[in-house]
Amino acid sequence: MIDGYTELAKLFKDRDNGKDYSPIIGTIVSLPELKIRCGSRVLLTANEVRATFNLYEKKYENDEIVYENLSKEVVLLPYSEYQRFIAIGVLQ
């Protein structure tokens, strides 16, 4: 059984990126409560991501809200020692 400290250490290790500065591709898995999955275990939230575009873009279909970017891949630029990210666009 894995304790909380070990699990937290694994999450930090999964989030640890190489020293090379490069964009990261993630997938938007939840809106309007923003969650972006990067890799198999790292989940970014609105607290860690700022965007140069409207991540929450929506339209209405049959009186329901449909988020345009949900399930799309997003390009992220890391900053602040890979603890924060700037979303610069979605891949079509």
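Only a predicted model underlies this, so the values are computations on that prediction, with no experimental measurement involved. (Residues numbered from 1 in each chain as written. Predicted model: local features only at pLDDT ≥ 70, side-chain atom pairs only at ≥ 80, totals over all residues. Heavy atoms only, no water.)

Novice: What is the right way to read the pattern of salt bridges from this model?
Specialist: When the charged atoms of two side chains with opposite charge come close together, those side chains can pair. Tallied over the entire structure, the rule returns three salt bridges. The shortest N-O distance in the salt bridge between Lys-59 and Glu-61 comes to 3.0 Å. We classify Lys-59 as partly exposed; its relative accessible area is 34%. Here Glu-68 makes a salt bridge to Lys-59, at a shortest N to O gap of 3.6 Å. (Salt bridge = Lys/Arg side-chain N within 4 Å of Asp/Glu carboxyl O. Buried < 20%, exposed > 50% of the residue type's maximum accessible area, 1.4 Å probe, protein only.)

Novice: Explanation requested: the pairing of strand 5 (residues 58-61) in the structure shown.
Specialist: On any regular strand, side chains alternate: one points to one face of the sheet, the next to the other face. Note: strand 5 against strand 6 (residues 64-67), four bridges, orientation antiparallel. By the bridge assignment for strand 6, Lys-59 is matched with Val-66. Connecting strand 5 to the next strand, strand 6, in antiparallel fashion are two residues, including Asn-62 with a positive phi near 55 degrees. (Pairing = 2+ DSSP bridges. Helix = DSSP H or I, 4+ residues; strand = E, 2+ residues; numbered from the N terminus.)

Novice: Where do I start with the environment of Gly-26 in this structure?
Specialist: Inspection of the secondary structure puts Gly-26 in strand 1 (residues 24-30). Looking at Gly-26, the relative accessible area reads 1%, which means it is buried. Along the primary structure Gly-26 and Ala-87 are separated by 61 residues, whereas in three dimensions their C-alpha atoms are 9.6 Å apart. Ignoring any residue separated from it by four or fewer positions in sequence, one finds Gly-26 in contact with Ile-36, Arg-37, Cys-38, Lys-72, Glu-73 and Val-74. (Contact = heavy atoms within 4.5 Å.)

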